[in-house]
Amino acid sequence: MTPPGTAPVILIAVTHEQRLARVLEGYLYSVVQAHTATLAHEWAREVRPDAIILESDLPDMSGIELCRALHADPRIGHSVPILILAAGQPTPEQRVAALRAGAWDFLSHSEDPEELALKLQTYVQAKHNMDVALAEGLVDPVTGLHSRLSLARRARELGALMARKHGSLACVVFVLDADPVDQKAARLVAQTTRISDIVGTLSPAELVVLAPATDHAGAVKLAHRVAGTLHEGIDGERPIVPGLTLRAGYEAVVNLGYSPTDPVELLARASAAVRTGAPDASLPWVRAFDPARTSGPSRMPVESSAGAGLVPASRRSRS
């Protein structure tokens, strides 16, 4: 995190453009320039920039390839905004490839540097907010998803919203046999869910999705969709591990206005359902919370445990 009062550090890897550096310095950024992808990657580890700007075509590597490497490097962190500049207007295919590689934006070189500098302020502030969340324990440092503490807060926020709207709220917990869950699995799950859903981690092996306006049937569909994504990947991206196995448990409240429920309790119930819930008729690896099968009070946080019923992802298909 950049100390208060210190100029944000911007690393740019652009071979010919010099005006951009001058404009950024005029906005009181501290600019570090590299002219190759290799040097940019090396310096990114050392200077810990607040944002990175890459040219789409560098002498030794494409900007998208470098972006993918930077985004995956734990010494740099996934919270650093990465922007890619193209010589012309980026095509939709280029933009999708850049976003999949972890870029925050894909822009044209022709864009006004002054406008780019203003956009950069928003990205740097977002990075600062994420750093604060990490420092406060609201973000899981391994996956970049919501931590248990943050999930509890967001669950209460969603619960209050759904109670006012007399809407439903579901929680689905996934236990993967890959322990700990890595960043790729977390990213695939996050990409599969809706913007309104909250994705986080309860333990090193548990991913959880809080889904507003989702009932019991919707929770099962969500579990099926996530399982298919983990097996098949997204848009040709390779899956996590061939033959991956996982289990899922869920709990849902159809109308929080009529059935007041502590939203945090949904997290504990969904986690308990993985071990002791009632299997779904069509998807036996998905279990619904059943109080008759749960001994003792459920509470958060809960520990996941190994058990029977692991189903290889290869035996499931996406909906």
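If you're wondering where the values come from, they're calculated on a predicted model, not measured in any experiment.

Another point: the overall build of the protein. The secondary structure content of the protein amounts to nine helices and twelve strands. The buried share among the 319 residues of the protein stands at 50%. Considering only contacts in the protein between residues 6 or more positions apart, those separated by 24 or more positions represent 68%. Surface summary for the protein: the accessible area is close to 14700 Å², and the carbon and sulfur share equals 54%.

Using the criterion set out here, one finds one aromatic pair in the structure. Measuring from ring centre to ring centre gives 5.9 Å for W104 and Y123, while their planes differ by 85°; the resulting arrangement is edge-to-face. Of the two residues, W104 is situated in the loop between α4 (92–100) and β5 (105–108) and Y123 in helix α5 (residues 113–135); the sequence distance between them amounts to 19 residues.

It is worth spelling out the environment of L39 at this point. Within the secondary structure, L39 sits in helix α2 (residues 37–47). Taking relative accessible area as the criterion, L39 reaches 29% and is therefore assigned partly exposed. Note: C-alpha distance between L39 and D60 (21 residues apart in sequence) is 10.0 Å.

A word on the confidence of the model for the protein. Averaged over every residue, the pLDDT of the protein is 80; residues scoring 70 or more account for 82%. Predicted confidence is poor over residues 234–241, with pLDDT under 50, and the contacts of this stretch with residues over four places away or in other chains come to 23 contacts. Below pLDDT 50 for its whole length, residues 301–319 participates in 47 contacts with residues either more than four positions away or in separate chains.

With that settled, the discussion passes to the pairing of strand β3 (residues 51–55). A large share of β3 lies buried, amounting to five of its five residues. Alternating positions in β3 separate into two faces, A51, I53 and E55 on one and I52 and L54 on the other, with burial throughout. Note: β3 against strand β4 (residues 82–86), four bridges, orientation parallel. Bridge assignment links I52 to a residue of β4, and that residue is I82. Note that the unit made of β3, helix α3 (residues 63–72) and β4 has a crossover that is right-handed.

Considering the arrangement of structural elements, one finds H41 in helix α2. A relative accessible area of 14% means that H41 is categorised as buried. Apart from the residues lying within four places of it in its own chain, the contact partners of H41 are L66, A69, L70, D73 and I76.

Helix length check: helix α6 (residues 148–165) (18 residues) gives 25 Å between terminal C-alpha atoms against 26 Å at 1.5 Å per residue, within 8%. Among all positions of α6, only S150, L151, A152, A155, L158, G159 and M162 are buried. Those residues of α6 that are buried lie in contact with β6 (169–176), β7 (198–203), β8 (206–212) and α9 (263–276). Once α6 finishes, H166 follows within two positions and takes phi at roughly 55°, a positive value.

Position of P212 relative to the elements: it lies in strand β8. Those residues in contact with P212, other than ones at most four positions away along the chain, are L158, M162, S168, L169, R194, S196 and D197.

With their axes 11 Å apart at the nearest point, α2 and α3 run at an angle of 20° to one another. The angle between α2 and α3 falls in the class roughly parallel. Relative to α3, α2 is oriented so that their crossing is right-handed. From α2, A37, A40, H41 and A44 reach across to α3, where they touch L66, A69 and L70. Of the residues belonging to the contact of α2 with α3, the class tally is six nonpolar, one polar and no charged.

Calculation rules
Residues numbered from 1 in each chain as written. Predicted model: local features only at pLDDT ≥ 70, side-chain atom pairs only at ≥ 80, totals over all residues. Heavy atoms only, no water. Helix = DSSP H or I, 4+ residues; strand = E, 2+ residues; numbered from the N terminus. Buried < 20%, exposed > 50% of the residue type's maximum accessible area, 1.4 Å probe, protein only. Contact = heavy atoms within 4.5 Å. Areas by Shrake-Rupley, 256 points an atom, 1.4 Å probe, with all protein chains shown as cover. Phe/Tyr/Trp six-rings, centres within 6.5 Å; stacked < 30°, edge-to-face > 60°. pLDDT = per-residue confidence, 0-100. Pairing = 2+ DSSP bridges. Right-handed = clockwise from strand over helix to strand, strands pointing away. Expected span 1.5 Å × (residues − 1). Axes fitted to C-alpha atoms, helices over the stretch in contact; angles between N-to-C directions. Parallel < 35°, antiparallel > 145°, perpendicular 65-115°, else oblique. Left-handed = near helix turned anticlockwise from the far one by under 90°. Nonpolar A, V, L, I, M, F, W, Y, C, P; charged D, E, K, R; others polar.

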